[in-house]
Amino acid sequence: MSCSWLLLVWVLALVVVGEAAFHEVHVSPHGYDSNPGSAERPVQTLQHAQRLVREILRAEIKQHCMVTVLVHPGVYYLQEVLEFGPEDSQLSCPVGWTSIGDVSISGGMPVPRECWKPAGFVTSQEIGLDNSPSAPTLLKSDTSFSECEQACRQNSECTSFTFFTSAHPEVSRSTNCYSRSDGVWDPKPDIHAISGRSTRVYRCDAVDTRPAHLFINGRRQHLARFPNVDILNPLVGGRGYAAASGPLFDESPRWPGAPDPGLTYREETFTTRTWGLQDTETPLPLIHLMPWGGESWGDLVYTVTSVDALKHTIEFGQGGWQLNSYMLPRLGNSVNAKGLFYVEGVRNELDTPGEWWFDAPDGLDSHQSRRSFHSDGPDFDTLDHSHSEDFEFQNRSEFDSHQSFNKGRRGTLWHVPEHGVDLAQAASTAVVLDTLVRVDGADGLTFANFNFTHTASTVMKTYEAPSRGDWSLHRGAAFFVTNTRALTLTECIFDQTGGNAVFVSDSAENVVVTRCRFMDLGDSGVLFVGTRSKALGTALPVPRDCRVEDSLFSNIGTIGKQTAGVFISNSQRITVRRNEMRRLPRAGIVINDGLAGGHVVENNIVYNAVRETGDHGPFNSWMRERFWCSVWAHGAASAPVDHVAGDVDMDMSEPVAVRGNLFANGPESTSLYTIDLDDGSSNLIVEGNVCVGGSIKVRDGDSRTIRDNLVIGAPIEFQMFHVHNDDHFSGNLVTALPPFADKLRGAFATRAVYMASSQGNCFDGHDDDPVFVTLDNYGTSPPETSTLTLQQWRALGFDTNSIVTRHAQVDPLTLRLTPESPCALVITPVDTDHWGPATRSASELLCGDPGGATAEGGGGDGGKDGHADVEAGQGATGQGA
């Protein structure tokens, strides 16, 4: 969107409000803050442009006006959060910020190229045999692994090595150390060999602020960790995760629902290095834990306080607040034998290209204000590198040998560049801020065509459970909005944020996010979250009448796994329309509770979601409100008798519409569902959706109308029904297409005899007589079941006029019924032409993930290489007071 678009909007507004004054303020990285802000003499910083806007608003306080801030191309590195309040925009005098070229607003600071100096070599290691094609050379005989590794470091021609243990079946090679000098490293699994690669490490001295992340040429580098990132498969379950074998203790938890205090790990998957956690001047490492592996409901992050190599245990410190443990006692937070994890922030694991580490000997920590990088370190080019400098931090005394290079006792940034990267030519950015823009009470603001990028992870900041859904979250984002009306974000890019991208909190009305892109986010995309304690009064100060439209969400949840494209909690009348979401660890769209309602979810594409978690769907809702009964819903043997759902409309006062969407489980999806109406979900109209590769799941609740949907590849799951409910299932086509044909067996139902009606559907399965299963007693183990034929099902009053056929005849390319299909007698055609911000054919979605993702976060989603071009030192300016 250009400034001409804003001008058009405001000219139309002029017709309504009458005479108004127009003002422009120009900003450029090449300007000066002493300038007046004209096109010929722009100011340099966003903060100074903001001051000029405030002067204009004070002068125009008694009349209507319109102000445009035109931001010229460049990268604007923020020294502090850009704060907007009532003095920055008003409905009578709205302010629009728009770029007139490629503009990035960054929470990082550029690292000067001249700051990087070579500082020796590191060696990465992996259990396995190096299968490189070149012939190995004997480097050392009858030695240990550590001596083999050291010998490779000290040999300038050694680029990789392999150490054979005494148990190796080839006795002649036992305890021998072999090297290669061709630069190729291709280890294959072999428990009797350990292979390593020697890579140069660089350092940048005299760094004033602890970075949260490091980006090189727009690519996120990884804080030194174990296991190393699996570039080919960075998802949960790839080689970038180590395996747990169970919790730290087997006895009962410290209190009901308490998380496990640690875990036991499988020795064969764990590091052989010593971590030196006794060093009090170094921040504790963080363990990112999927307690049930790929079946987890989200991730838990803790500090690591101790590692016992003899007992194979890791003990946790602070953390574990990333899931709602009140609603998930011992379910979401207990570690089992499927648990997977990685640990980051371990300096002795700085061993592979793409990793970095920061040392702060003075206890220097990150701040929400930008300091600086200094390039006054020693000239390493004068050093003799014929024998590489040793770089393994086995203990503090060895590390102290490097402190002479650290002028002024500032911190030192260490980095092992990826292959082919020349740090003397690369753009390096160290991330400091976790918030870029905060809007509190500035009505009528518009932001158009900006790239918001490079914010810090918030995974160890304060989390809260906003309601009784499964989620816990951090109330913060790169762009944070509260107490604000009529704010618009349009044609903006949110790229490489460490936490959430946009957070609309508490009292906010008519906030619109349209035609934006959200790529490679650490946590969620757009969140609308009120505060339950504030929402219990009559005023209901929650996000309301807000929209997310025509936007693209891709590769969400690169750090946090309980994340979504759009998340709604304690809000009213939120519309999510014509968006496309793909490559998500969990759901695409989440409604976390049953407060107020009135939400509309329509014409969206959510594809290839639920890639790294379990028991969820591309769309998911919980509505555990005042009438919801946990004991009955989750089937304890002592559960009370079946009962009514209660007056659910007292909470969900306006119905929620989920209509005209395409929800498709892609090749990496683990979900059994596409629409998951979980605990207590009530007052919903689910109609005209196409669900591919997963069922519609319906648990306890009331007033659900599910009609005219096309479900391909899985039976409907009616899991729970209250007595005397108002739930209706009609006009739906449940069919099977390859490769889903073997999954369809009619319908699956629990307490289904209480469903109000199921009529006018078409079932297409393997058999002429589908199988319907009713779980009579959900609380027994195993559950007592009754298998019903179609005739028995109809005898209960269900589907008496529905069609059962082997020939539903759905076109796999268009996802429409063919004219000759017998289902056409009862099925209303589904509209398949209005999905997402740009129509994408069904065949493209079924045949592959659109956009062509790279394995390592992004690509194909925006800019020339999938990210905005943030180039340090070229057209950039530091922004701050």
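Residues numbered from 1 in each chain as written. Predicted model: local features only at pLDDT ≥ 70, side-chain atom pairs only at ≥ 80, totals over all residues. Heavy atoms only, no water.

Peer 1: Describe the overall build of the chain, and please don't skip the residues or the numbers.
Peer 2: On a plain count of helices and strands, the chain comes out with 8 helices and 65 strands. Expressed as a percentage of the 881 residues in the chain, the buried residues total 60%. A sequence separation of at least 24 residues applies to 75% of the contacts in the chain between residues at least 6 apart. Surface summary for the chain: the accessible area is close to 32800 Å², and the carbon and sulfur share equals 52%. (Helix = DSSP H or I, 4+ residues; strand = E, 2+ residues; numbered from the N terminus. Buried < 20%, exposed > 50% of the residue type's maximum accessible area, 1.4 Å probe, protein only. Contact = heavy atoms within 4.5 Å. Areas by Shrake-Rupley, 256 points an atom, 1.4 Å probe, with all protein chains shown as cover.)

Peer 1: Lay out unusual backbone geometry in plain terms, naming residues and giving numbers.
Peer 2: With the exception of glycine, the majority of residues adopt a negative phi angle, and the majority of peptide bonds are in the trans configuration. At the junction of phenylalanine 226 and proline 227, the peptide bond is cis and its omega measures out at -10 degrees in the coordinates. Counting through the fold element by element, proline 227 comes out in the loop between β17 (225-226) and β18 (242-247). Of note, asparagine 510 is a non-glycine position whose phi angle comes to about 55 degrees, a positive value. By secondary structure assignment, the location of asparagine 510 is in the loop between β33 (502-509) and β34 (512-514).

Peer 1: Account for the pattern of salt bridges, naming residues and giving values.
Peer 2: Think of it this way: side chains of opposite charge can pair up when their charged atoms draw near. Under the definition given, this model contains 37 salt bridges. Here aspartate 443 ties to arginine 485 by a salt bridge, and the two come within 2.8 Å at their closest N and O atoms. Residue aspartate 443 is found in the loop between β27 (437-440) and β28 (446-448), and its partner arginine 485 is found in strand β30 (residues 479-485); the two are separated by 42 residues along the sequence. A relative accessible area of 12% places aspartate 443 in the buried class. The class for arginine 485 is partly exposed, based on a relative accessible area of 41%. Across the pair aspartate 676 and lysine 697 runs a salt bridge, and its minimum N-O distance is 3.2 Å. Placement of aspartate 676 in strand β48 (residues 673-677) and of lysine 697 in strand β51 (residues 695-698) is noted, with a sequence separation of 21 residues between them. In terms of burial, aspartate 676 and lysine 697 fall into one category: buried. (Salt bridge = Lys/Arg side-chain N within 4 Å of Asp/Glu carboxyl O.)

Peer 1: Describe the packing of aromatic side chains, with residues and values.
Peer 2: Scanning the model with the defined rule gives 23 aromatic pairs in all. The rings of Phe84, Trp97, Phe447, Phe450, Phe452, Phe479, Phe494, Phe518 and Phe553 are connected pair by pair, giving a single aromatic cluster. Taking the ring centre of tyrosine 342 as reference, the NZ or CZ of arginine 225 above it sits at 3.8 Å. Its guanidinium or amino end placed over the ring of tryptophan 628, arginine 624 lies 5.4 Å from that ring's centre, counting from NZ or CZ. (Phe/Tyr/Trp six-rings, centres within 6.5 Å; stacked < 30°, edge-to-face > 60°. Lys NZ or Arg CZ within 6 Å of the ring centre and 35° of its normal.)

Peer 1: Account for helix α2 (residues 46-59), with residues named and values stated.
Peer 2: An α-helix turns once per 3.6 residues; consequently, residues spaced three or four apart project the same way. For α2, spanning 14 residues, the distance from its first C-alpha to its last is 20 Å, which sits close to the expected 20 Å at 1.5 Å a residue. Three or more residues of α2 are buried, namely Leu46, Gln47, His48, Ala49, Gln50, Leu52, Val53, Ile56 and Leu57. (Expected span 1.5 Å × (residues − 1).)

Peer 1: Lay out the nonpolar core with the relevant residues and their values.
Peer 2: Counting residues in each nonpolar core, the largest one holds 90 residues, and the members touching the most others are Trp97, Phe452, Phe479, Leu489, Phe494 and Phe518. Sorting elements by how many residues they give to this core places α2 first, with 6 residues. With residues near it in sequence (within four places) discarded, leucine 489 still touches Phe447, Phe452, Phe479, Phe494, Val502, Val512, Val513, Thr514 and Cys516. Residues Phe226, Phe270, Ile287 and Val304 belong to the second largest nonpolar core, which totals 20 residues. (Core = buried A, V, L, I, M, F, W, Y, C linked by side-chain atoms within 4.5 Å.)

Peer 1: Describe the environment of cysteine 177, listing the residues and the values that go with them.
Peer 2: With respect to the helices and strands, cysteine 177 occurs in strand β12 (residues 177-180). Looking at cysteine 177, the relative accessible area reads 0%, which means it is buried. Sequence spacing of cysteine 177 and isoleucine 194 is 17 residues, and the spatial spacing of their C-alpha atoms is 9.8 Å. In this structure, cysteine 177 is in contact with Thr137, Leu138, Leu139, Lys140, Thr143, Cys148 and Thr162, ignoring residues within four places of it in sequence.

Peer 1: Lay out the confidence of the model for the chain with the relevant residues and their values.
Peer 2: On average, residues of the chain score 80 in pLDDT, and 76% of them reach the 70 mark or higher. Contacts of residues 739-749 to residues separated by more than four positions or lying in other chains number 40 contacts, the stretch itself having pLDDT below 50. (pLDDT = per-residue confidence, 0-100.)

Peer 1: Could you give an account of the pairing of strand β36 (residues 526-529), with specific residues and numbers?
Peer 2: What you see with β36 is no split at all: Val526 and Phe528 on one side and Leu527 and Val529 on the other are buried throughout. As paired strands, β33 and β36 are joined by 4 bridges and run parallel to one another. Following the sheet pairing, valine 502 is matched in β36 by valine 526. Where β36 lies against strand β39 (residues 566-569), 4 bridges are found, and the strand directions are parallel. What sits directly across from valine 526, in β39, is valine 566. (Pairing = 2+ DSSP bridges.)

Peer 1: Any details on the side chain of arginine 544? Residues and values, ideally.
Peer 2: The residue arginine 544 is located in strand β37 (residues 543-549) in this model. As a buried residue without a salt bridge, arginine 544 has its nearest oppositely charged side chain in glutamate 509, at a separation of 4.1 Å. Excluding residues that lie within four positions of it along the chain, arginine 544 makes contacts with Ala508, Glu509, Asn510, Ala539, Gln572, Arg573 and Ile574. (Lys, Arg positive; Asp, Glu negative; His and termini not counted.)

Peer 1: Which residues make up the state of the cysteines, and what are the values?
Peer 2: Scanning the entire structure with this criterion turns up 5 disulfides. A sulfur-sulfur distance of 1.8 Å marks the disulfide that ties cysteine 115 to cysteine 204. Its S-S torsion of about 90 degrees marks the bond between cysteine 115 and cysteine 204 as right-handed, since a negative value means left-handed. Here cysteine 115, found in the loop between β7 (108-111) and β8 (116-127), pairs with cysteine 204, found in strand β14 (residues 193-207); they are 89 residues apart in sequence, far enough to count as distant. Taking only the cysteines that form disulfides and numbering them from first to last, the chain has the pattern 1-2, 3-8, 4-7, 5-6, 9-10. (Disulfide = S-S within 2.5 Å.)

Peer 1: How would you summarise the pairing of strand β22 (residues 313-319) if you had to cite specific residues and measurements?
Peer 2: Bridge analysis of strand β19 (residues 262-265) against β22 gives 3 bridges, and the strand direction is antiparallel. If you follow leucine 263 over to β22, its bridge partner there is isoleucine 314. Pairing analysis gives 5 bridges linking strand β21 (residues 300-308) to β22, with the strands arranged antiparallel. If you follow serine 306 over to β22, its bridge partner there is glutamate 315. The antiparallel pairing of β21 with β22 creates a hairpin that spans 4 residues between the two strands, and histidine 312 there sits at a positive phi of about 60 degrees.

Peer 1: I'd love a proper account of the environment of glycine 240, names of residues and values included.
Peer 2: Mapping glycine 240 onto the fold places it in the loop between β17 and β18. Judged by relative accessible area, which is 4%, glycine 240 ranks as buried. For glycine 240 and aspartate 230, which are 10 residues apart along the polypeptide, the C-alpha to C-alpha distance reads 4.7 Å. Leaving out residues up to four positions away in the same chain, glycine 240 has contacts with Arg225, Pro227, Asn228, Asp230, Phe341 and Tyr342.

Peer 1: Kindly report on the environment of asparagine 801, identifying the contributing residues and their values.
Peer 2: Inspection of the secondary structure assignment puts asparagine 801 in the loop between α7 (790-795) and β62 (803-805). Residue asparagine 801 is classed as partly exposed on the basis of its relative accessible area of 45%. Excluding anything up to four places from it in sequence, asparagine 801 contacts Gln759, Gly760 and Val826.

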